[in-house]
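Residue-level structure breakdown
Residues per chain are reported as follows:
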Amino acid sequence: MFRPGETYFHEVKRVKIGQGLLYKDGVFQGYVDLPVHTWKRTTTEDYRRGLWNFVKLQTLIQKNNEYLLFSGGRDSALLALLMNKDMGVEAGLVHAIPRGAALPDDTKRNISFYEEFLGQTVATVTYDYNAYTFDDITYICRQMPLAAHISIGFDAMNKFVAKNKGRSWTGQDADSMYSLGYTGGALKEVVARLMESDGSYKSLADVEGRSCFRLCSQALAFAYNLKNKNVKAPVCVEDLRRAFSEMRTSIPLVDAAYKAEPGRILSLQEARHILYRDRMSFFISGRDHRVVAVAGNPVYPTVFPYSSAMMYFLHIGIEKNLGEAVRNKKKISDLICSYIGSKNFRRLYPGELFHTYAAGAQIEKDILNKTVFGRSIREYSGYQGGLLTEAIPLAWEKSVMGMLGFE
């Protein structure tokens, strides 16, 4: 299947979405409209079936000791429930924690629950930031310097799995795939999901009349503007595309001063393919995948169920309605509820709407200031701030320049 446009081969034609090529006796007759089934609705059962089929396919192709890198969050929890409770795969669960650190209360609570619910112990792997220097992760930085700060925990877990002659599974990329990265419970992420929902595509022919979404989007954008810079909702797919490409780690809104370029009207399905293609080229080819896959130099390739080709197409088909916008990772959440019950789900995943990331920022600052690993990064980079996400790319850049003989 090709997107509309020219090709290198003049005898090959690209077809529009919803059309096919008609041949009779080997002779091209023209284009025909196909009875394409709408992708706007993907049920929770479809979602479960997609994960099920991918897991089954992987376990049939290569039978190994399976180990799931497990945090107790939604993504790894669903895989643990599906594999161990539903499919009988018997995947071991592995969690990592820095030496001397205490598990956060919510993580400790969740892991204890799943240990009891699944009847198995979650193996804890400890790692020491004082046992690493920047040199120890440069092999991961070569793959993706921007995300290498998360690699030490994966390095420890993958080495544990390799020592046990197993294969690593992970829930990484679920956020990127499910809602282009904006799956948290903070207000700005709810706003982001609304901007990406059906109702925000004001220029699309097949979402006319959905004023409810536009009103909700405008109201939340107004609320967001009260404490933040002056932003507005995208009014067409090109607006949304620009916002995603230029503001990859922040809310996908455009500056109020920005004037949209007039563009052709797209169908919702076509717009989704464009956005996912652009966004996934950033996430899947260069972020969590590369870091997790190479961390620990694992014996077997790491398995990423959520970003398999099968799940990619399912994610494109999820209807981004109000429910999907307000309830983060709705289908993943619904499936977990079906296993553990809504009461346990609400206790484990309260989903605060106005949570902040201050705790995570403090952890990064402590690593930089108080560990051998952090100090080695400062020595390489000369960085004086408090974020590993800024320090490591700078350290890698200077390391490369040194290897090339530049000052």
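Quick note: structure is the one above.
Small disclaimer: the values here were computed from a predicted structure and weren't measured.

**Quick word on the overall build of the protein**
- Across its full length, the protein carries 18 helices and eight strands.
- Put simply, the protein has 407 residues, and 47% of those count as buried.
- Of all intrachain contacts in the protein linking residues separated by at least 6 positions in sequence, the fraction that spans at least 24 positions is 71%.
- By element, 55% of the accessible surface of the protein is carried by carbon and sulfur atoms, the whole surface being about 20,600 Å².

**Quick look at a nonpolar patch on the surface**
- Together, Leu21, Tyr23, Phe28 and Tyr31 give the surface a local cluster of nonpolar side chains, amounting to about 400 Å² of exposed area.
- Looking at the nonpolar patch, the elements that each hand over two or more residues are strand E1 (19–24) and strand E2 (27–33).
- Among the structural elements, Tyr31 can be located in strand E2.

**Considering the sheet that holds strand E4 (residues 92–98)**
- Across the sheet, which stays open at both edges, the four strands sit in the order E5-E4-E3-E6 with parallel pairing between neighbours. On the outer flanks of this sheet lie strand E5 (123–127) and strand E6 (166–170), each paired with one strand and no other. Strand-to-strand twist in this sheet, taken as the mean axis angle between neighbours without regard to direction, amounts to 35°.
- With five bridges connecting them, strand E3 (residues 65–69) and E6 associate as parallel partners. Residue pairing across strands places Glu66 opposite Arg167, the latter belonging to E6.
- Contacts from helix H2 (residues 74–87) reach E3, E4 and E6, with the element oriented near 155° to E3.
- Set on the sheet, helix H5 (residues 151–163) makes contact with E3, E4, E5 and E6; between it and E5 the angle comes to about 125°.

**Some points on the packing of aromatic side chains**
- In this structure the tally under the stated criterion is nine aromatic pairs.
- With 5.5 Å between their ring centres and 20° between their planes, Phe113 and Phe117 make a pair best called stacked. Within this pair, Phe113 and its partner Phe117 are both found in helix H3 (residues 105–118), separated by four residues, close to a single helical turn.
- Given the relative accessible area of 12%, Phe113 is considered buried.
- Between Tyr127 and Tyr129 the ring centres are 5.5 Å apart and the planes differ by 75°, which places this aromatic pair in the edge-to-face class. Here the two residues Tyr127 and Tyr129 agree in accessibility, since each one is buried.
- Following the ring pairs from residue to residue traces out a cluster consisting of Phe70, Phe113, Tyr114 and Phe117.

**Some words on the pattern of salt bridges**
- A full pass over the atoms with the stated rule returns twelve salt bridges.
- The shortest N-O distance in the salt bridge between Glu324 and Lys331 comes to 2.8 Å. Each of the two residues, Glu324 as well as Lys331, counts as buried.
- Taken together, the salt bridges that share partners define one network made up of Glu45, Asp46, Arg48, Arg49 and Asp86.

**Things to note about the pairing of E1**
- Examined bridge by bridge, E1 and E2 share six bridges and lie antiparallel to one another. The partner of Leu22 across the bridge, within E2, is Gly30.
- Count of turn residues in the E1/E2 antiparallel hairpin: two residues, of which Asp25 carries a positive phi of about 55°.

Calculation criteria
- As a convention, each chain's residues are numbered from 1 in the sequence order in which they are written.
- With the structure being a predicted model, the display of local features is reserved for residues of pLDDT at least 70 and the display and counting of side-chain atom pairs for 80 or more, all residues being used for whole-chain, interface and lining totals.
- Side-chain metrics in this entry use all non-hydrogen atoms of the structure; hydrogen atoms and water are not considered.
- Per the convention used, a helix needs a DSSP run of H or I reaching at least four residues, while a strand needs a run of E reaching at least two, with both numbered from the N terminus.
- A 1.4 Å probe rolled over the protein chains alone gives each residue an accessible area, and that area as a share of the maximum for its type sets the label: buried under 20%, exposed over 50%, partly exposed in between.
- The contact criterion used is simple: two residues touch if any of their non-hydrogen atoms lie within 4.5 Å.
- To measure how exposed things are, a 1.4 Å probe is used in the Shrake-Rupley method; for residues, cover is taken only from the protein chains shown.
- Exposure above 30% relative accessible area and the lack of any salt bridge qualify a residue for a patch; like charges then connect within 9 Å, and the nonpolar side chains Val, Leu, Ile, Met, Phe, Trp and Tyr within 5 Å.
- By convention in these notes, a salt bridge is any Lys or Arg side-chain nitrogen within 4 Å of a carboxyl oxygen on Asp or Glu.
- Whether two strands pair comes down to DSSP finding at least two bridges between them.
- Interaxial angles span 0 to 180 degrees and are taken between N-to-C directions of axes, which are lines fitted to C-alpha atoms, for helices over the stretch in contact.
- Each Phe, Tyr or Trp ring, with Trp reduced to its six-membered ring, pairs with another whose centre is within 6.5 Å; inter-plane angles below 30 degrees give stacked pairs, above 60 give edge-to-face pairs, and intermediate values give tilted ones.

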